[in-house]
Amino acid sequence: MEPVSTARDCPFDYAEALEFDPVLRQLQNEEPVARIVLPHGEGEAWLVTGYDDVRTVTTDRRFSRNAIIGTDFPRMTPEPIVQDEAINVMDPPASSRLRSLISKGFAPRHMERMRARTQHVVDELLDRMEEHGSPADLFEHLAAPLPLTTICEVLDIPEADRAQLRAHARTMMDLTIDNKENAVRAKADLRAYFTTLTADRRANPGDDLISALATARDGDELLNDKELAVMAMVLLITGQDTTTYEIGNLAYTLLTRPKELAMLRAQPAMLPQAIEEMLRFIPFRKGVGIPRIALEDVELSGVKIRAGDVVHVSYLTANRDGRKFDRPDELDLERTGPSHMTFGWGGHHCLGAPLAATELEVALGTLLERFPDLQLAKPAEEVRWNKTSIWRYPLALPVTW
């Protein structure tokens, strides 16, 4: 007789503003290494919630992202968002070579240009918001257009193509089951687009990020054509929506916390540190992302994970681990201490983190400077939140000034 499974069913569908998911909290407190069942994919998985255990899973070579390729792994979305050849399912040393090449595209000289472009875009968007007049929707005027415009500027994607590319990326993030065919089609269309675009940049490089990636060398190493196309596509998908949502989340967090907002207005130089703390504190996605597979038996917090088991980690709970962070559930803009895991950890730490951090700093810094009397135009409890995506964010953020 088969033993009865003790795995917990985890829809991870909690979406109350930016409150912490009670299921995640319960697992973190009661079962730091737990068996779970997710809405899509075959079989069960482990969920690892503690900061140190998450760090182990994300850095230890005994856990492989690459091993999930070709499997119907337990996940949140009907169609896997991940690309089979993408860097986010590679293991070292293959991923190390790619990461080294790609990080050259985010070198300080490139970042200076990206910061200048970001500032230019932010200034234009806030000019338009000012012309529109108070009240205005901060999500529509700043959060939604800024990251897409910036990543398209940085990748030098023609204006006429941008709306369609954004629509494809959105389609791939949707959690609803009847969306599966659309997601498969959107993924194929994006790949075809970037295959053509990257081939053109390789032949005629400019001063954009795709050209920088196409010509980046590590000794004799170059990105091959397929790697380049997939990387450009990953940058577009991950480089716009997540930053859009975080601009909305950070602005909401500050506008609903007068003390913290006043502190930042009085000391603008605190902003980078304050953003790091808000990134730690805000649960900006639901559940889990791309898992790993144990290549051999490994023990974590006294629990034996067997070779072949699927292992998910929660960066959200790691960010709230009381063994690492004093008063983990409090937002403390003056906090210093361990790094947050919102951009991931280890060999899959987000390569675009420098660009995301730049956009958040420029957007929030310029917003606070230009609109000293900015406040929410309606009570916080009336702000509407996304319920259908893997991401948590306000659908609109009406403000007055």
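Placed above this text is the structure.
Residues numbered from 1 in each chain as written. Predicted model: local features only at pLDDT ≥ 70, side-chain atom pairs only at ≥ 80, totals over all residues. Heavy atoms only, no water.

Caption draft 1: Broad picture of helix H12 (residues 271-281). For H12, the tally of buried residues reaches 8 of 11 residues, placing the bulk of the element in the interior. Restricting attention to buried positions, one finds in H12 the residues Leu-271, Ala-274, Ile-275, Glu-277, Met-278, Leu-279, Arg-280 and Phe-281. Each element contacted by the buried residues of H12 is listed here: helix H10 (225-255), helix H11 (258-266) and helix H14 (353-370). (Buried < 20%, exposed > 50% of the residue type's maximum accessible area, 1.4 Å probe, protein only. Helix = DSSP H or I, 4+ residues; strand = E, 2+ residues; numbered from the N terminus. Contact = heavy atoms within 4.5 Å.)

Caption draft 2: Spotlight on the pairing of strand S9 (residues 310-313). On S9, burial covers both faces: Val-310 and His-312 on one face and Val-311 and Val-313 on the other are all buried. Here 3 bridges tie strand S3 (residues 45-48) to S9, and the two strands are oriented parallel to one another. In the strand pairing of S9, Leu-47 is matched with His-312. The pairing of strand S6 (residues 292-294) with S9 spans 2 bridges and is antiparallel. Across the sheet, Ile-293 pairs through a bridge with Val-310, a residue of S9. (Pairing = 2+ DSSP bridges.)

Caption draft 3: Summary view of the packing of aromatic side chains. This model, assessed by the stated rule, comprises 9 aromatic pairs. With a centroid separation of 5.9 Å and 65 degrees between ring planes, the pair formed by Tyr-51 and Trp-345 is classed as edge-to-face. Within this pair, whereas Tyr-51 is found in helix H2 (residues 51-59), its partner Trp-345 is found in the loop between helix H13 (315-318) and H14, the two being separated by 294 residues in sequence. What makes Trp-345 buried here is its relative accessible area of 19%. Taking 5.7 Å as the distance between ring centres and 10 degrees as the angle between the ring planes, the aromatic pair formed by Phe-139 and Tyr-393 counts as stacked. (Phe/Tyr/Trp six-rings, centres within 6.5 Å; stacked < 30°, edge-to-face > 60°.)

Caption draft 4: Inspection of the sheet that holds strand S1 (residues 8-9) at higher detail. On the basis of which strands lie adjacent, the open sheet formed by 6 strands has the order S1-S2-S3-S9-S6-S4 and mixed pairing. Each having just a single partner strand, S1 and strand S4 (63-64) make up the two edges of the open sheet. Packed onto the sheet, H2 meets strand S2 (33-37), S3, S4, S6 and S9 and runs at close to 125 degrees relative to S9. (Axes fitted to C-alpha atoms, helices over the stretch in contact; angles between N-to-C directions.)

Caption draft 5: Inspection of the sheet that holds strand S11 (residues 398-400) at higher detail. Pairing is antiparallel in the open sheet, where 3 strands are placed in the order S5-S11-S10. Of all strands in the sheet, those with a lone pairing partner are strand S5 (136-137) and strand S10 (375-376), marking the two edges. With 2 bridges connecting them, S10 and S11 associate as antiparallel partners. Its bridge partner lying in S11, Gln-375 is registered against Thr-400.

Caption draft 6: Seen up close, the side chain of Thr-118. Relative to the elements of secondary structure, Thr-118 occurs in helix H4 (residues 108-132). A distance of 2.7 Å separates a polar side-chain atom of Thr-118 from the backbone oxygen of Met-114. Excluding its chain neighbours within four sequence positions, the residues that come into contact with Thr-118 are Leu-146, Thr-150, Thr-358, Glu-359 and Val-362. (Polar contact = N/O pair within 3.5 Å; in protein donor to acceptor, adjacent residues only side chain to side chain.)

Caption draft 7: Spatial organisation of the environment of Pro-22. By the element assignment, Pro-22 lies in helix H1 (residues 22-30). Residue classification places Pro-22 among the partly exposed positions, given a relative accessible area of 45%. Taking C-alpha positions, Pro-22 is 9.4 Å from Phe-12, a pair spaced 10 residues apart along the chain.

Caption draft 8: A look at unusual backbone geometry. Between Pro-92 and Pro-93 the backbone carries a cis peptide bond, its omega angle lying at 5 degrees. Locating Pro-93 in the fold gives a position in the loop between S4 and helix H3 (94-103). Of note, the bond from Ser-134 into Pro-135 is cis; its omega dihedral lies within 30 degrees of zero at 0 degrees.

Caption draft 9: Representation of the pattern of salt bridges in the model. Following the criterion strictly, the structure yields 31 salt bridges and no others. As a salt-bridge pair, Lys-387 and Glu-16 come within 3.8 Å of each other at their nearest N and O atoms. With a gap of 371 residues between them, Lys-387 in the loop between S10 and S11 and Glu-16 in the loop between S1 and H1 connect regions that are remote in the sequence. The exposure class of Glu-16 is partly exposed, given its relative accessible area of 43%. Between Arg-323 and Asp-321 there is a salt bridge; the shortest N-O distance is 3.1 Å. Overall, Arg-323 belongs to the exposed group, its relative accessible area being 64%. Overall, the relative accessible area of 5% leaves Asp-321 in the buried class. Connected through shared salt-bridge partners, Asp-326, Arg-327, Glu-330 and Asp-332 make up one network. (Salt bridge = Lys/Arg side-chain N within 4 Å of Asp/Glu carboxyl O.)

Caption draft 10: Summary view of the pairing of S3. Neither face of S3 is exposed, since Ala-45 and Leu-47 on one face and Trp-46 and Val-48 on the opposite face are all buried. Pairing geometry for S2 and S3, over 4 bridges, is antiparallel. When the sheet's bridge partners are listed, Ala-34 is paired in S3 with Leu-47.

Caption draft 11: Local environment of helix H7 (residues 162-173). Here H7 contains 12 residues, and its C-alpha end-to-end distance of 17 Å stays within 8% of the 16 Å for a straight helix at 1.5 Å per residue. Listed as buried for H7 are Arg-162, Leu-165, Arg-166, His-168, Ala-169, Met-172 and Met-173. Seen along its axis, H7 keeps its buried residues to an arc of 160 degrees; they face one direction. Of the surrounding secondary structure, the elements contacted by the buried residues of H7 are helix H6 (145-155), helix H8 (180-203) and H10. (Expected span 1.5 Å × (residues − 1). Arc of directions from axis to C-beta.)

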